[in-house]
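If you want the building blocks of each chain, they are given just below.
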2 protein chains.
Amino acid sequence: MNPSLLPFKHHLNKVIPVNEEEFEHVISYFSVKSIKKKEYLILPSQVCKYESYILSGLFQTAVLDELGRLHTLYFPHEDWWVSDFKSFKTGQESSMEIVTLEDAVLLQISKPKLEALYETFPKFERFFRLLNENAGIALQDRVTQNFVHNAEKRYQEFRTKYPSLQNRLSQKIIASYLGVTPEYFSQMSKKKE
Amino acid sequence: MNPSLLPFKHHLNKVIPVNEEEFEHVISYFSVKSIKKKEYLILPSQVCKYESYILSGLFQTAVLDELGRLHTLYFPHEDWWVSDFKSFKTGQESSMEIVTLEDAVLLQISKPKLEALYETFPKFERFFRLLNENAGIALQDRVTQNFVHNAEKRYQEFRTKYPSLQNRLSQKIIASYLGVTPEYFSQMSKKKE
DNA sequence: CGAAAATTTGACATGACTCAACTGGAGTGG
DNA sequence: CCACTCCAGTTGAGTCATGTCAAATTTTCG
């Protein structure tokens, strides 16, 4: 087995036990893709054709409002998945953009392949069920946080939750995740020293 | 078969084909529960022990902030599910409250029963995977809406998305869903005539 | 080095909140 | 069936968190 795929094997094994033979079977449904910093994985009005496991790299998934402002939903990074799962599931055009913030390597699976994999390896159905459960919890937490805390507290929460991301992101981009303007974010940070 | 269970059978059949025998098998894992208006299905610091399909009724799922203000996440109603799925999945104490806004009848399944059902009827694994996908999409839409629209537009969206709920909810409760105070909501509605 | 982008700063604007007072049902007990 | 209470809803004055715009400064990176 290609040793660069090891993180993916560990990722699977954290959720469902997979032996060597099964792993070879699963991996045959995926393809490797490299993508450079500042390239787009998805642009609005494209259809999301893949679910992508991130071997390395960092992304920003964001939506654009009518005034041209970008709002960041999350920052998918190594050992997690990236896609517009609404567009992937429904086949509709995406309304979000996904851009690479650091050079990345992905393992991609298309929808037909994924559906075939569910049939040939039913454990994968469970794997994606559990993945979706976790994603749902994270999203619900995000809705809750935005309700319950002001921008300053949200920033604190962000720092304690994702300490490793803090120095990989510009202030402008963190502001767009917190839902405030870069100007306000600047004042806010200054105040706290 | 008890005809009052028909909506549940249709609900399943919309996602996975289930014949009569299979349906009898599935239903044997569930129990019926009736709950009166203003009763609590979950209170903060309780553990959520069931996933509940709603045969009839209307709920409010909400979180309380440090200032004692209630923020509504959603309004589960007939032909959908209600639970604190984070607490259900992890076994941790819930941080939300789920209260009945109208008399309700539920079909409940406990975690051990659900796990047994996944084993005896693997199609159910797929059913819950698809359910979770839809829930994730709905939650992501909610995060997006809150970013992109101000309170007034969010109210318009709410009305077009859930026309049937509008007259079943008080203004105070709608305000807590939109993330504004009842006072501000009142002014906002007045302005729009 | 030079251009473009990120960040900072300050003056001003506004969406939304707070608090308090008032109105008007809805439900309850006598 | 009235009197009473209790919420929901309304209104208005004052305030605060956050946004807007524009200019200055610093950083990034080709």
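In this convention, every chain numbers its residues from 1, walking through the sequence in written order. Both sets of labels track the order of writing: A upward for chains, 1 upward for ligands. Residue-level local features of this predicted model are given only where pLDDT is at least 70; pairs of side-chain atoms are given and counted only at 80 or more, and the full residue set underlies all totals for whole chains, interfaces and linings.

Draft legend 1. Fine view of the relation of the copies chain A and chain B. The least-squares superposition of copies is restricted to C-alpha atoms, and to residues with a pLDDT of at least 70 in both copies. Screw-axis analysis of chain A against chain B gives a translation of 0.0 Å along the axis, an RMSD of 0.0 Å, and a rotation angle of 180°. Taken together, the turn and the small shift mark the pair as related by a two-fold rotation axis. Measuring from the rotation axis to each C-alpha of chain A, the shortest distance belongs to Arg 129 of chain A, at 2.1 Å. When the interface residues of chain A are mapped onto chain B, 100% of them are again interface residues, pointing to one common binding face. Contact between two residues is assigned when their C-beta atoms, built from the backbone, lie within 7 Å.

Draft legend 2. Focus on the interface of chain A and chain B. Counting residues at the interface gives 26 residues for chain A and 26 residues for chain B. Only DSSP runs of H or I with at least four residues qualify as helices, and only runs of E with at least two residues qualify as strands; both kinds are numbered from the N terminus onward. The biggest single contributor to the side of chain A that touches chain B is helix 5 (residues 123–148) of chain A, with 17 residues.

Draft legend 3. Inspection of the protein's contact with DNA strand C at higher detail. Should the C-beta atom of a residue, placed from the backbone, lie within 6 Å of a molecule or strand, that residue is near it. Around DNA strand C, 16 residues are found, and the nearest of them are Gln 171, Lys 172 and Ser 186 of chain A together with Val 180 and Tyr 184 of chain B. Going through the elements one at a time, helix 7 (171–178) and helix 8 (182–191) of chain A together with helix 6 (151–161) and helix 9 (182–191) of chain B are the ones with two or more residues in the surface near DNA strand C. In terms of residue count, helix 8 of chain A provides more of the surface near DNA strand C than any other element does, 6 residues in total. Three categories are distinguished: nonpolar for Ala, Val, Leu, Ile, Met, Phe, Trp, Tyr, Cys and Pro, charged for Asp, Glu, Lys and Arg, and polar for the others, with Gly belonging to the last. Taken together, the residues of the surface near DNA strand C sort by class into 4 nonpolar, 7 polar and 5 charged.

Draft legend 4. Just the protein's contact with DNA strand D, in detail. Near DNA strand D lie 16 residues; those nearest to it are Val 180 and Tyr 184 of chain A together with Gln 171, Lys 172 and Ser 186 of chain B. Sorting the residues of the surface near DNA strand D by element identifies helix 6 (151–161) and helix 8 of chain A together with helix 8 (171–178) and helix 9 of chain B as the ones contributing at least two each. Grouping the amino acids of the surface near DNA strand D by side-chain chemistry returns 4 nonpolar, 7 polar and 5 charged.

Draft legend 5. Layout of the environment of Ile 27 of chain A. Residue and element names in this part refer to chain A. Mapped onto the fold, Ile 27 is located in helix 2 (residues 20–27). For Ile 27, a count of 19 C-beta atoms within 10 Å gives the class partly exposed. For the pair Ile 27 and Met 1, spaced 26 residues apart in the sequence, the C-alpha separation amounts to 10.0 Å. The exposure label follows from counting other C-beta atoms within 10 Å of a residue's C-beta, where the C-beta atoms are placed from the backbone and the thresholds are 20 or more for buried and 12 or fewer for exposed, leaving partly exposed in between.

Draft legend 6. Up close: the nonpolar core. Structurally, a nonpolar core is described as a collection of buried Ala, Val, Leu, Ile, Met, Phe, Trp, Tyr and Cys residues joined by way of C-beta atoms within 7 Å. With 33 residues, the main nonpolar core has Ile 54, Phe 59, Ile 98 and Leu 106 of chain B as its most contacted residues. Going through the elements one at a time, helix 5 of chain A together with strand 2 (40–42), strand 3 (50–64), strand 6 (96–110) and helix 5 (123–148) of chain B are the ones with two or more residues in this core. A per-element tally of this core places strand 3 of chain B first, with 7 residues. One finds Tyr 53, Ile 54, Ala 62 and Leu 73 of chain A within the second-largest nonpolar core, a separate group that totals 21 residues.

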